[in-house]
Amino acid sequence: MFKKNLLVFSFYTPLLVLVLLTCKDLKAQQVIWAQLNNIDKKTDFTKVIGQNKNGVYVLKHKNNTFQKYFIIERFNSRMGLIRSKIIKIPNSELQKIVVLENDIVFFTKVFDKGYSYSLAVQHLDTNLNADIPYVISSGCDLVNRSSDFKIEYSENKKQFLTWYISETGNNTFLNIQALDNFKKGLSKNIEIAEGKTEVDILDASIDQNGQFYCLYTQTNNSKSSKAIDYKTHLLCVDLNTGRIKNEAIHDPEYFITYANLSYNSTTNRMTVAGFYGKNADDEMLGYFAIQISPDEFEFKNNVFRSINRKTVSELLGIKAELRGDNLSKYKIRKTIPKTDGGFLLIAEKSYVTNQSDVFYVNGIAQTSYSKIFNNDEVLILSIDSLGELEWDEIIFKNQLSTNDGGYNNGIVVMVNEDLINIIYNDKLNANADIIQVTFNEKGERIKKILINSDQYYALVIPSEYNQVTTNSIVLPVNQNRDYTYIKLLY
């Protein structure tokens, strides 16, 4: 699930409070529009990174490589631009940036001589001035030039930890470094794979005590065997005691297709949840849920359950369900912990197809190729504290775009104390409405037009949004081929 240059959200999703709501309790949200000229037209990448008492912060760059420099902009609570500044990071690449209570902290990968790298940390004050870099790790041998350092932090932003993958011979190691007030703390190198195996990191996280959890898949394509040795492991590490647990989380006949980690601060447990199948081709036979107790790293309620066949029939059709077909290509967008120990799992069908067209120029055949980005139905599963399904719901939508990276495709998920709001562009054309579907804890829904195309031609950009407080969210918006922001207050 990790992507290159993945930026940390500065706000953690609040717990879903189990309060029964009815339609009359729902209140309309306030929409605040920023000025159209607030986004620099020379930059192509924008990311809302968070809010503190000094304002709302936005990260910008001409692309998403974040090498040599990046731009930070500070807005007031009404989305009025206060300050914009270029932060130079020579011979470096931004790894992660986090909005803290009083300032901003950012981490950079420094390109050393040869093929080694260093990780440095810096702070930005309220005037966006950077302090002197502090080197956390140096002389690190990453797997290759495109590999990154990863940074995890706890819900209260008191615990920070960095890690990276390295290889020695045919063995793979995970290198962990805890931070103590952003200085070097305890560290550990752990061998996670031996021999010629392929390691794919699915997710990583830390709990409120700084204990580290890493979910990864190990694949061994042995020439001596026709079978593929495929295992998904959960690694748990307590740097303070040196305690380590590393074991596979599924039976040999299953494949884990998508999974992630989420920490529940109410129950003090880490949850691993996702989908599994019987082949490695994105098949979804069912969902699974495992809870881990941080005290002993004990696995609680290790549950694997099939997807409701009625739900499969609704999504694929009756004939496909009767043939025994299963769902596929549903990627997890968010896992939301609940105060009762359960969680909501929100997944979206997302895939890319290639299309070729033949046309003739002066009688000579020419071929053009296109990438089609598809984002379709949204599946929501409500799971209780024992891992059993309480309810499931579907949002039917169909988004399709060509050669644009799916820029306006996808969903926005906003969580306040008692509601889940899912926002998306209804159509990617001039007749676009921005739709909001709101669910309560029983799965009851209300669907409405959030922004009407008759008043505004606007498309939200789902990949660049951020929930900045418990009751507000900031979204970059493409309006009439120009760019601005909207802030939604719930």
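Quantities reported herein were computed from a predicted structural model and do not represent experimental measurements. (Residues numbered from 1 in each chain as written. Predicted model: local features only at pLDDT ≥ 70, side-chain atom pairs only at ≥ 80, totals over all residues. Heavy atoms only, no water.)

Caption draft 1: Up close: the overall build of the protein. Across its full length, the protein carries two helices and 35 strands. Here the protein has a C-alpha radius of gyration of 23 Å; the compact-globule value for 490 residues is 23 Å, and the two agree. Over its C-alpha atoms, taken along the principal directions, the protein stretches across nearly 65 × 60 × 60 Å. Considering only contacts within the protein whose residues lie at least 6 apart along the sequence, 49% involve residues at least 24 apart. Of the roughly 22,600 Å² that the protein leaves accessible, carbon and sulfur atoms contribute 46%. In the protein, which carries 55 positive and 56 negative side-chain charges, the distance between the mean positions of the two groups comes to 5 Å. (Helix = DSSP H or I, 4+ residues; strand = E, 2+ residues; numbered from the N terminus. Rg over C-alpha atoms; globule rule 2.2 N^0.38 Å. Contact = heavy atoms within 4.5 Å. Areas by Shrake-Rupley, 256 points an atom, 1.4 Å probe, with all protein chains shown as cover. Lys, Arg positive; Asp, Glu negative; His and termini not counted. Charge placed at Lys NZ, Arg CZ, Asp CG, Glu CD.)

Caption draft 2: Layout of unusual backbone geometry. With phi around 55°, N91 is a residue other than glycine that occupies positive phi space. The class for N91 is partly exposed, based on a relative accessible area of 47%. Positive phi is not limited to glycine here, since N268 has a value of about 55°. Position of N268 among the secondary structure elements: in the loop between strand 17 (255-264) and strand 18 (269-277). (Buried < 20%, exposed > 50% of the residue type's maximum accessible area, 1.4 Å probe, protein only.)

Caption draft 3: Up close: the sheet that holds strand 30 (residues 434-439). Read from one edge of the open sheet, four strands run 28-29-30-31, paired in antiparallel fashion. Each edge of the open sheet carries a strand with a single partner, namely strand 28 (412-415) and strand 31 (445-451). On average, each strand axis in the sheet is inclined to that of its neighbour by 25°, with strand direction left out of account. (Pairing = 2+ DSSP bridges. Axes fitted to C-alpha atoms, helices over the stretch in contact; angles between N-to-C directions.)

Caption draft 4: Examining the nonpolar core more closely. I346, I380, I395, V413, I420, I422 and L475 are the most contacted members of the largest nonpolar core, which totals 30 residues. Setting aside anything within four residues of it in sequence, one finds I380 in contact with L345, I346, W391, D392, E393, I395, I422 and F439. Grouped together as the second largest cluster of nonpolar side chains are 23 residues, L215, I249, L261 and F288 included. (Core = buried A, V, L, I, M, F, W, Y, C linked by side-chain atoms within 4.5 Å.)

Caption draft 5: Up close: the environment of Y230. By the element assignment, Y230 lies in strand 15 (residues 229-238). On the basis of relative accessibility, which here comes to 14%, the residue Y230 falls in the buried class. When the C-alpha positions of Y230 and A248 are compared, they lie 9.9 Å apart, and in sequence the two are 18 residues distant. A distance of 2.5 Å separates a polar atom in the side chain of Y230 from the backbone oxygen of I256. (Polar contact = N/O pair within 3.5 Å; in protein donor to acceptor, adjacent residues only side chain to side chain.)

Caption draft 6: The arrangement of the packing of aromatic side chains in detail. What the rule picks out here adds up to 16 aromatic pairs. Between Y254 and F304, the ring centres sit 5.9 Å apart and the planes meet at 10°, which makes this aromatic pair stacked. Residue Y254 is located in the loop between strand 16 (243-248) and strand 17, and its partner F304 is located in strand 21 (residues 298-306); the two are separated by 50 residues in the primary sequence. When sorted by exposure, Y254 lands in the same class as F304, which is buried. Relative to F439, the ring of W391 lies with its centre 6.4 Å away and its plane at 20°, an arrangement referred to as stacked. Taken together, the residues W391 in strand 26 (residues 389-395) and F439 in strand 30 connect sequence positions 48 residues apart. Here W391 matches F439 in class, with each residue buried. An aromatic cluster is built from F107, Y153, F160 and F182, whose rings are joined through pairwise contacts. (Phe/Tyr/Trp six-rings, centres within 6.5 Å; stacked < 30°, edge-to-face > 60°.)

Caption draft 7: Representation of helix 1 (residues 309-316) within the structure. Buried within helix 1 are the following residues: T311, V312, S313 and L315. Those residues of helix 1 that are buried are in contact with helix 2 (318-322), strand 22 (327-328), strand 23 (330-337), strand 25 (364-383) and strand 26. In the stretch just after helix 1, G317 is the one whose phi turns positive, near 105°.

Caption draft 8: Local environment of the side chain of S293. Counting through the fold element by element, S293 comes out in strand 20 (residues 286-293). The contacts of S293, once residues within four sequence positions are left out, are R269, E298 and K300.

Caption draft 9: Local environment of the environment of S265. Topologically, S265 is positioned in the loop between strand 17 and strand 18. Under the relative-accessibility criterion, S265 is labelled partly exposed at 29%. Separated by 27 residues in the primary sequence, S265 and D238 place their C-alpha atoms 18 Å from one another. In this structure the side chain of S265 is engaged in a polar contact, spanning 3.1 Å, whose partner is the side chain of E155.

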